[in-house]
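Chains, contacts and geometry: an overview
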Amino acid sequence: MPPMSCANGYTNSHGNKPLFSFGVISDVQYADIPDGRSFLGVPRYYRHSILVLQRAVRMWNDHKYLKFSVNYGDIVDGFCPKEESRNAVEKVVLEFEKFDGPVYHMIGNHCLYNLPRNSLITTLKMPSRAYYDFSPTRGYRFVVLDAYDVSAIGWPQDHPLTVEAMNILRDKNPNSDKNSPDGLVGLERRFLKFNGAVGKEQMDWLDGVLRNSTEQSQKVVICCHLPLDPDAATPEALLWNYEEVMDVIHRYKCVKACFAGHDHKGGYSIDSHGVHHRVLEAALECPPESNAFGYVDAYDDRLVLFGTDRMASTEMVFGPEDID
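Summarised in this report is the structure supplied together with it. Because the structure is predicted, anything quoted here is derived from the model rather than measured.

Rules used in this analysis
- Residues numbered from 1 in each chain as written.
- Predicted model: local features only at pLDDT ≥ 70, side-chain atom pairs only at ≥ 80, totals over all residues.
- Heavy atoms only, no water.
- Buried < 20%, exposed > 50% of the residue type's maximum accessible area, 1.4 Å probe, protein only.
- Helix = DSSP H or I, 4+ residues; strand = E, 2+ residues; numbered from the N terminus.
- Pairing = 2+ DSSP bridges.
- Right-handed = clockwise from strand over helix to strand, strands pointing away.
- Core = buried A, V, L, I, M, F, W, Y, C linked by side-chain atoms within 4.5 Å.
- Contact = heavy atoms within 4.5 Å.
- Phe/Tyr/Trp six-rings, centres within 6.5 Å; stacked < 30°, edge-to-face > 60°.
- Salt bridge = Lys/Arg side-chain N within 4 Å of Asp/Glu carboxyl O.
- Axes fitted to C-alpha atoms, helices over the stretch in contact; angles between N-to-C directions.

Brief notes about the pairing of strand 9 (residues 255-260)
Counting buried residues along strand 9, 6 of its 6 residues qualify, which places the element largely inside the surrounding structure. As paired elements, strand 8 (residues 219-224) and strand 9 share 5 bridges and run parallel to each other. Directly across from V221, in strand 9, lies its bridge partner A257. What joins strand 8 to strand 9 is helix 7 (residues 242-250), and the crossover it makes is right-handed. Bridge analysis of strand 9 against strand 11 (residues 276-279) gives 4 bridges, and the strand direction is parallel. The residue of strand 11 that forms the bridge with A257 is H276.

What follows is the structure in structure tokens.
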């Protein structure tokens, strides 16, 4: 493969061919509505975001060596008129399907604002549930988490997981508007209705997958719409029970990186166990003609993200195997 470079990043100059490469994009949040702003006043470009996706797919296909691509959730915005939700979701999925390879999706809160969970799982061609794993090569496994397993959105009102989520919110967030962090301090600001948690059954499954990956000497990449490390994201964007999930992850040395979306500005950190956390910049917040997508080269000793425009390039070198 010839050396490739991005406008804001690294050149592939390690001199050895990657084991495999994959595309990444997050938070397209397309809607056929005029541009708007977030609650914090950040501009959002609802119609332009699908053009960002189209350019991403063209770049991924031009690369010719990408084995797969990963979408980190929120393909359609919550402001999309409800009568247009299905068409909007299918329109974005059709753009993803123009990629010459498999695309792995995960559920985000904006996805659940638009379509019921079961419908999303079918439309996004997930297995029977929204958490799953896959191995692109013998030495690597990707684990896709369902960050809205325990959630106040996406399940029927009387579903046990909805009831559990509402109990958490009532306990942790005294505001009548459960999407408001007013009065919440520090990391407690994550207890908002548009976030969620990983449930016990999924946690047990994660533990089993990581145990199996350890036995098979696989390196693991965790994919989750919600960030898992406070140093890589704002408190308001974190998974409710990120500490429990990271406790499971830290039992093993196989997890090398966690990729996430949701916190649109992006972020990066290395936690106390040497795990890299990369929160991806949102396609939604790209002004016209700008982009936020990229691809990752995977090696035995590192992952290298080549970002485009607003997506920062990041080299993630794995630490020594004896990290506790």
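A few points about unusual backbone geometry
For D74, which is not a glycine, the phi torsion comes out positive at approximately 60 degrees. Residue class for D74 comes out buried when judged on its relative accessible area of 1%.

Things to note about the nonpolar core
With 100 residues, the main nonpolar core has W60, L206, I222, L228, I249 and L303 as its most contacted residues. For this core, the element with the highest residue contribution is helix 1 (residues 48-63), accounting for 7 residues. Ignoring anything within four residues of it in the chain, the contact list for L228 reads I222, L238, L239, Y242, V245, M246, I249, C258 and H277. Of all hydrophobic cores here, the second largest spans 8 residues; its members include V150, A152, A165 and W240.

Concerning the packing of aromatic side chains
Applying the stated rule across the entire model yields 18 aromatic pairs. Summarising the aromatic geometry, the rings of Y72 and F259 are spaced 6.2 Å apart at their centres and angled 35 degrees between planes, so their arrangement reads as tilted. Within this pair, whereas Y72 is found in the loop between strand 4 (66-71) and helix 2 (85-96), its partner F259 is found in strand 9, the two being separated by 187 residues in sequence. Judged by its relative accessible area of 0%, Y72 falls in the buried class. By way of ring pairs, the aromatic residues F20, F22, F68, Y72, Y104, Y132, F134, Y140, F142 and F259 are connected into one cluster.

Points about the pattern of salt bridges
Tallied over the entire structure, the rule returns 16 salt bridges. In this structure, the salt-bridge partner of R117 is D146, at a minimum N-O distance of 2.7 Å. With a gap of 29 residues between them, R117 in helix 4 (residues 117-123) and D146 in the loop between strand 7 (140-144) and helix 5 (160-172) connect regions that are remote in the sequence. Take R117: its relative accessible area is 4%, and that puts it in the buried class. For D146, a relative accessible area of 3% corresponds to the buried category. Note that R189 and E236 form a salt bridge whose closest N and O atoms lie 2.5 Å from each other. Of this pair, R189 sits in the loop between helix 5 and helix 6 (200-215) while E236 sits in the loop between strand 8 and helix 7, placing them 47 residues apart in sequence. On the basis of relative accessible area, E236 is assigned to the partly exposed category, the value being 22%. Three or more residues are tied together by salt bridges with common partners; here these are D207, R211 and R251.

With respect to the sheet that holds strand 14 (residues 314-317)
Within a sheet, neighbouring strands are paired by backbone hydrogen bonds and run either parallel or antiparallel to one another. The strand order across the open sheet formed by 6 strands is 5-4-1-12-13-14, and the pairing between neighbours is mixed. Edge strands, defined here as strands with exactly one partner in the open sheet, are strand 5 (103-105) and strand 14. If you compare each strand with its neighbour and ignore which way they point, the axes differ by 20 degrees on average. The sheet contact formed by strand 1 (residues 20-25) and strand 12 (residues 292-298) spans 5 bridges and is antiparallel. Residue pairing in the sheet places S21 in a bridge with D297 of strand 12. Taken strand by strand, helix 1 contacts strand 1, strand 4, strand 12 and strand 13 (302-309), and its axis lies near 25 degrees from that of strand 12.

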